[in-house]
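Descriptive structure summary
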Amino acid sequence: KILGLSPVLLYAAGFSLPVYAATTASDMSVTVNVNASCTMGVTSLDFGTYDPFGAHATQDLRATATVSTTCTSGATGVVTMTGGLHPTFCMSSKCYRRMANAGETSFLRYNIYTNASYSWGYVWTDNPVDVKTVGHVTGSGISQDLTVYGEVHKNQPNVPAGSYTDRINVTLRF
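This report concerns the structure included in the present document. (Residues numbered from 1 in each chain as written. Predicted model: local features only at pLDDT ≥ 70, side-chain atom pairs only at ≥ 80, totals over all residues. Heavy atoms only, no water.)

**Digging into the state of the cysteines**
- Applying the stated criterion across every chain, the model contains 1 disulfide.
- The disulfide bridge from Cys38 ends at Cys71, spanning 2.0 Å between sulfur atoms. In this structure, the disulfide formed by Cys38 and Cys71 twists by about 115° around the S-S bond and is classed as right-handed. In this pair, Cys38 sits in strand β1 (residues 38-42) while Cys71 sits in strand β2 (residues 61-71), placing the two residues 33 residues apart along the sequence.
- You can call Cys71 buried: its relative accessible area is 3%. (Disulfide = S-S within 2.5 Å. Helix = DSSP H or I, 4+ residues; strand = E, 2+ residues; numbered from the N terminus. Buried < 20%, exposed > 50% of the residue type's maximum accessible area, 1.4 Å probe, protein only.)

**Looking at the side chain of Asn101**
- The residue Asn101 is located in the loop between β5 (94-100) and β6 (107-113) in this model.
- Residue Asn101 is classed as buried on the basis of its relative accessible area, which comes to 15%.
- Excluding its chain neighbours within four sequence positions, the residues that come into contact with Asn101 are Ser106, Ser163 and Tyr164. (Contact = heavy atoms within 4.5 Å.)

**Description of the pattern of salt bridges**
- Within this structure, the stated rule accounts for 1 salt bridge.
- Here Arg62 ties to Glu151 by a salt bridge, and the two come within 2.9 Å at their closest N and O atoms. Of this pair, Arg62 sits in strand β2 while Glu151 sits in strand β8 (residues 144-152), and the two are 89 residues apart along the sequence. (Salt bridge = Lys/Arg side-chain N within 4 Å of Asp/Glu carboxyl O.)

**Concerning the packing of aromatic side chains**
- Taken as a whole and judged by the stated rule, the model has 5 aromatic pairs.
- The interplanar angle of 70° and the centroid separation of 6.2 Å between the aromatic rings of Phe47 and Tyr110 together place this pair among those described as edge-to-face. Of the two residues, Phe47 is situated in the loop between β1 and β2 and Tyr110 in strand β6; the sequence distance between them amounts to 63 residues. The two residues Phe47 and Tyr110 agree in class, both being buried.
- Taking NZ or CZ as reference, Arg62 lies 3.8 Å from the ring centre of Tyr118, over its face. (Phe/Tyr/Trp six-rings, centres within 6.5 Å; stacked < 30°, edge-to-face > 60°. Lys NZ or Arg CZ within 6 Å of the ring centre and 35° of its normal.)

**A closer look at the sheet that holds strand β4 (residues 88-91)**
- With antiparallel pairing, 6 strands are arranged side by side in an open sheet as β1-β2-β8-β6-β5-β4. Each edge of the open sheet carries a strand with a single partner, namely β1 and β4. Ignoring which end each strand starts from, the neighbouring axes of this sheet average 30° apart.
- Two strands pair when backbone bridges link them, and β6 and β8 are joined in this way by 4 bridges, in the antiparallel orientation. Pairing of Tyr113 across the sheet is with Tyr149, part of β8. (Pairing = 2+ DSSP bridges. Axes fitted to C-alpha atoms, helices over the stretch in contact; angles between N-to-C directions.)

Everything listed here is a matter of coordinates, which is why it stays silent on function.
In structure tokens, the structure reads:
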């Protein structure tokens, strides 16, 4: 019997748990900083076709576009827009915008607004402190859409036929 137990005792003795005389413990701090962060995408503002002697002799041509933003929860920001490449008659940071034909010899007046009132008080600007003239973003981690309201002004019969374009710089400050 002693010979039969010897391999078992030797095995158990070699793999026994150590015995400690004392222990001490301490807490480890775990930290991370989450930066305020935002992303933004924009769609084109496409007015389609302007008919200066038909419907648009007496009626503005309207269209919308979208600014999509996603910001970290709690981040706040404002979306601003420049006056474009061909602004005219600027007061403060509000300008009448114009699209130009390919040779930049003719212009079509239009503007962009922060709401569907299409009024001068809501012309979208690049002034981040003017509450009515910029888009506001409050981060939630979920995409938020801002509607851009565009309007080509009626009664512009002297514009030659052709394609008219402009480029607006859209900025999200957070």
